Amino acid sequence: MSTPESALATQLKNIETRTGKSLAELTQIVKASGLTKHGEIRDMLKRDLKMGHGDANTLVHHVLQSARPAAVGGEGASLGEIVAGYYSGPKAALRPIHDKLMQEIKTLASSRSRPRRPT
């Protein structure tokens, strides 16, 4: 039986074969494009390299995940590091809203876990 990891490895190898480019070369193409949004990168790969939607989508996931620092959710990142990564740079002003919302959610969750009084 195939594992998700082996299926991904197979698909990435097939992408190399179909494009005639190594993953390193494909990664460089993505980085050189200057694009940062998943959909924009996927569409560029489909347009410029004539990749199918599935291959382009998988390649974008692979490139963005391998380039992602731990603070933005790379392998081994804590939940706090992931959240800090979401609210860095221009989105930093949104962090207080997130924190307040999470506090309200925790308050609601704890009040629902207490036994209800009969009415």
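Procedures and definitions
Residues numbered from 1 in each chain as written. Predicted model: local features only at pLDDT ≥ 70, side-chain atom pairs only at ≥ 80, totals over all residues. Heavy atoms only, no water. Helix = DSSP H or I, 4+ residues; strand = E, 2+ residues; numbered from the N terminus. Contact = heavy atoms within 4.5 Å. Core = buried A, V, L, I, M, F, W, Y, C linked by side-chain atoms within 4.5 Å. Buried < 20%, exposed > 50% of the residue type's maximum accessible area, 1.4 Å probe, protein only. Patch = residues over 30% accessible without salt bridge, like charges linked within 9 Å, V, L, I, M, F, W, Y side chains within 5 Å. Areas by Shrake-Rupley, 256 points an atom, 1.4 Å probe, with all protein chains shown as cover. Salt bridge = Lys/Arg side-chain N within 4 Å of Asp/Glu carboxyl O.

Chemist: I tried to follow the overall build of the protein on my own but got confused; where do I start?
Modeler: Scanning the protein for helices and strands turns up 6 helices and 0 strands. The N-to-C order of helical and strand elements in the protein reads α-α-α-α-α-α. Put simply, 29% of the contacts in the protein that link residues at least 6 apart link residues at least 24 apart.

Chemist: Whenever I open this one, the environment of S66 confuses me. Can you help?
Modeler: Tracing the chain through its elements places S66 in helix α4 (residues 53-67). When the C-alpha atoms of S66 and T27 are compared, they prove to be 9.6 Å apart, with 39 residues separating the residues in sequence.

Chemist: What should I look at first to understand the nonpolar core in this one?
Modeler: In a soluble, globular protein the nonpolar side chains are often hidden away together inside. Counting residues in each nonpolar core, the largest one holds 13 residues, and the members touching the most others are I15, I41, L45, M51 and L59. When contributions to this core are tallied by element, the ones reaching two or more residues are α1 (4-19), α2 (23-33), α3 (38-49) and α4. For L45, the contacting residues outside a window of four places in its chain are V30, K50, M51, A56, L59 and V60.

Chemist: I keep staring at a nonpolar patch on the surface and nothing clicks. Help me out?
Modeler: Residues L101, M102 and I105 make up a contiguous nonpolar surface patch of about 260 Å² in total accessible area. Its place among the elements puts I105 in helix α6 (residues 95-113).

Chemist: Explain the pattern of salt bridges here, please?
Modeler: Between side chains of opposite charge, a pair can form when the charged atoms approach closely. For the structure shown, the criterion picks out 6 salt bridges. Its salt-bridge partner being R47, residue D48 comes within 3.0 Å of it at the nearest N-O pair. Classification of D48 by relative accessible area gives partly exposed; the value is 46%.

The values are spatial; any link to function lies outside them.
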